[in-house]
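What the coordinates show
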Amino acid sequence: MELLRSSIERAARRSGYDLEEARRAGIQLMASPVLQTGPHCLLLIEPDAFYTHLFSLLGLNANGREWYITYHASTVSFSEKAKKGPGWLWIEDGPLNVFGLRRSRMDSFSICGSNGPYRFAFSNAKGDPAPNASAARLLAELPSDEFASAADAIRAANQTLWRGKLPSPIKLLQLDDFDIADLVADHLDDAGSWMSAGFIADGKAAESILHAMDRLNVGPWRGWLRRTTDLFWRMEKGRIVPLRLQDNALRAPAPSVFELKFQPDNIAAALRQRAIVPSLYTVFLVTSILPGVRALGGCRQTIYYPLMRYITAVGLEQSGNFDLLTELRGDDRPGLWGHRVLTPAGGYPFQEVFREAPMPLSEYAEMPLVQSSGDLASFTGDPIWTNLSEQIASEVITSGSVEWQWSGS
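Presented here is a report on the structure given in the accompanying data block. Please read these numbers as outputs of a predicted model, since none were measured by experiment.

Rules and cut-offs
- Residues numbered from 1 in each chain as written.
- Predicted model: local features only at pLDDT ≥ 70, side-chain atom pairs only at ≥ 80, totals over all residues.
- Heavy atoms only, no water.
- Helix = DSSP H or I, 4+ residues; strand = E, 2+ residues; numbered from the N terminus.
- Contact = heavy atoms within 4.5 Å.
- Pairing = 2+ DSSP bridges.
- Axes fitted to C-alpha atoms, helices over the stretch in contact; angles between N-to-C directions.
- Salt bridge = Lys/Arg side-chain N within 4 Å of Asp/Glu carboxyl O.
- Buried < 20%, exposed > 50% of the residue type's maximum accessible area, 1.4 Å probe, protein only.
- Core = buried A, V, L, I, M, F, W, Y, C linked by side-chain atoms within 4.5 Å.
- Polar contact = N/O pair within 3.5 Å; in protein donor to acceptor, adjacent residues only side chain to side chain.

With that settled, consider the side chain of serine 149. Assignment of secondary structure puts serine 149 in the loop between α5 (133–141) and α6 (150–165). Aside from chain neighbours lying at most four places away, what touches serine 149 is Ile111, Cys112, Gly113, Ser114 and Tyr118.

Reading across from one edge, β7-β6-β11 is the order of the 3 strands in this open sheet, with antiparallel pairing throughout. Both outer strands of the open sheet, β7 (239–242) and β11 (276–278), are each paired with one neighbouring strand and no more. For this sheet the average axis-to-axis angle between neighbouring strands, irrespective of direction, equals 40°. Direction of pairing for strand β6 (residues 232–236) relative to β7: antiparallel, over a ladder of 4 bridges. Residue arginine 234 lies in a different strand from β7, and its bridge partner there is valine 241.

Looking now at the pattern of salt bridges. Applying the stated criterion across every chain yields a total of 27 salt bridges. As a salt-bridge pair, arginine 23 and glutamate 20 come within 2.7 Å of each other at their nearest N and O atoms. Pair noted here: arginine 23 and glutamate 20 are both in helix α2 (residues 19–31), with a separation of 3 residues, about one helical turn. Looking at arginine 23, the relative accessible area reads 39%, which means it is partly exposed. According to the relative accessible area criterion, glutamate 20 is partly exposed, its value standing at 35%. For arginine 24, the salt bridge identified is with glutamate 20, shortest N-O distance 3.7 Å. Of this pair, arginine 24 and glutamate 20 both sit in helix α2, separated by 4 residues, roughly a single helical turn.

Let us look at the nonpolar core. The biggest cluster of nonpolar side chains holds 79 residues, and the ones touching the most others in it are Phe199 and Phe232. When residues of this core are assigned to their parent elements, the largest contribution, 10 residues, is made by helix α12 (residues 301–319). In contact with phenylalanine 232, not counting residues within four places along its chain, are Val184, Leu243, Leu250, Phe262, Ile267, Leu271, Ile276, Val277, Pro278, Ser279 and Thr282.

Turning next to the environment of serine 110. In this fold, serine 110 is placed in the loop between α4 (103–108) and α5. Of the residues examined, serine 110 reaches a relative accessible area of 3% and is grouped as buried. Along the backbone, serine 110 and isoleucine 180 are 70 residues apart, and their C-alpha atoms lie at a distance of 16 Å. Ignoring any residue separated from it by four or fewer positions in sequence, one finds serine 110 in contact with Ser74, Thr75, Val76, Ser77, Phe78, Gly238, Arg239 and Ile240. Side-chain polar atoms of serine 110 contact the backbone oxygen of serine 74, separated by 3.1 Å.

Pasting the structure below:
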């Protein structure tokens, strides 16, 4: 928790807050250990992001908090679905290309890659920048600078919109994957920490966690926690490349020749040099599971996060750290649904942000959940949830399943 607090304070200073403000952000995290982990690195006025942020603001206002602390995953491509993702924004009657990129750049590059420059454009299919009045107004509001990465541009734009357009005194703090890379390196710099001595240096705990992940994917929990990479991603020319742990080394597939010894010093150095970044599992390990911070996420996170805690317990047992295992078992409701909870029908964030009299948060607070959460399509229209429902109905999965004992519920 102390390492995470220091990471929070560093991120606050990087975002332009002064030393005392950064210190208060760290104090809030210690007193109220909650982290919004739902939306990916999206512009504030993207609907998935906007209404999730409003939902969090309701809770923060009700509890008198000063800071809104978020982690937004940036190891994602510009296009996650057709015309949807960090590289797209629907304004008025159609999707606009946020950075005016070619399709080859949007499909294969990660938004955290430092292969810029990137500038906001909001161009249409013809390549015309800001083709309508709303796009032109938004473009005029956002920073006109060039950024090394799209993630840097989105973070700067969100701060501009947050400070200038939202009627809230609460301060926004956005953690990205490089903040978490430094946090993991902080753990590994301490030779006596579990991350350094029990998880990495020995190697057996890491291998047991990866094997547990494999077992989940050949049983009734298939698809919830996929082994897309082994604990870290390789950063290579703006792309993220999967790594495999073999013979005490992390290796990238051909044609890459990247290889890294699976030792604390080597991994810490590679993280600080941005040669690698943490996988989503490793992100949750240092931001939530080990420090005991509640994670607010989406419809799939409500299942894969408890499974992450389960495989962590497997690793702790392998390394013999039963004290930490006992603390982990005592966490009360460590993860909760907190993304796309507020999805009002016909919601249009651009209008909400730029209207002369913004809708008060109190009006959202008064909405019954059955009205504010829409049709719950993220649950009902997702085939992986359909399969889970079938497994529960046939009692293959129950509340007593060994994999579910770490859910905190």
